[in-house]
Amino acid sequence: MWGKHEQALHTMRAAGRIAPEEITGCPRIHKLVGDLVATAPITVRREAREFAGAYGIAA
């Protein structure tokens, strides 16, 4: 989802509601959240940090 930060975060949130264990146990998701925190626009970064905190992802 290159350049579609909000869509990526929205999709991860939906996945978290359906299968939270997939969010907490998937290294690819952890990397994606870290990338969002590092490169997304500031509003998305803030939301990505909140998402990371809710799922115990170090970002």
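Structural notes, computed from the coordinates. (Residues numbered from 1 in each chain as written. Predicted model: local features only at pLDDT ≥ 70, side-chain atom pairs only at ≥ 80, totals over all residues. Heavy atoms only, no water.)

1. What to know about the nonpolar core
- The biggest cluster of nonpolar side chains holds 13 residues, and the ones touching the most others in it are Leu9, Met12, Val33, Leu36, Phe51 and Ile57.
- For this core, the secondary structure elements donating two or more residues are helix 1 (5-18), helix 3 (27-39) and helix 4 (42-54).
- If near-sequence neighbours (up to four positions away) are discounted, phenylalanine 51 is found in contact with Leu9, Met12, Arg13, Ile23, Val33 and Ile57. (Core = buried A, V, L, I, M, F, W, Y, C linked by side-chain atoms within 4.5 Å. Buried < 20%, exposed > 50% of the residue type's maximum accessible area, 1.4 Å probe, protein only. Helix = DSSP H or I, 4+ residues; strand = E, 2+ residues; numbered from the N terminus. Contact = heavy atoms within 4.5 Å.)

2. Side note on helix 4
- The end-to-end C-alpha distance of helix 4, which contains 13 residues, comes to 18 Å, matching closely the 18 Å that a straight helix rising 1.5 Å per residue would cover.
- Buried within helix 4 are the following residues: Val44, Ala48, Phe51 and Ala52. Angularly, the buried residues of helix 4 cover 100° about the axis, an arc narrow enough to put them on a single face. Set apart from the buried face of helix 4 by more than 90 degrees, the exposed residues are Ile42, Glu50, Gly53 and Ala54.
- Contacts from the buried residues of helix 4 go to helix 1, helix 2 (20-25) and helix 3.
- Just downstream of helix 4 lies glycine 56, where phi reads positive at about 70°. (Expected span 1.5 Å × (residues − 1). Arc of directions from axis to C-beta.)

3. Quick look at the pattern of salt bridges
- Scanning the entire structure with this criterion turns up 2 salt bridges.
- For the salt bridge of arginine 13 with glutamate 47, the shortest nitrogen-to-oxygen distance reads 3.3 Å. Of the two residues, arginine 13 sits in helix 1 while glutamate 47 sits in helix 4, which places them 34 residues apart along the sequence.
- The class of arginine 13 is partly exposed, set by a relative accessible area of 30%.
- Its relative accessible area of 31% is what places glutamate 47 among the partly exposed residues.
- Between aspartate 35 and lysine 31 there is a salt bridge; the shortest N-O distance is 3.1 Å. Remark: lysine 31 and aspartate 35 occur in helix 3; sequence separation between them is 4 residues, near one turn of the helix. (Salt bridge = Lys/Arg side-chain N within 4 Å of Asp/Glu carboxyl O.)

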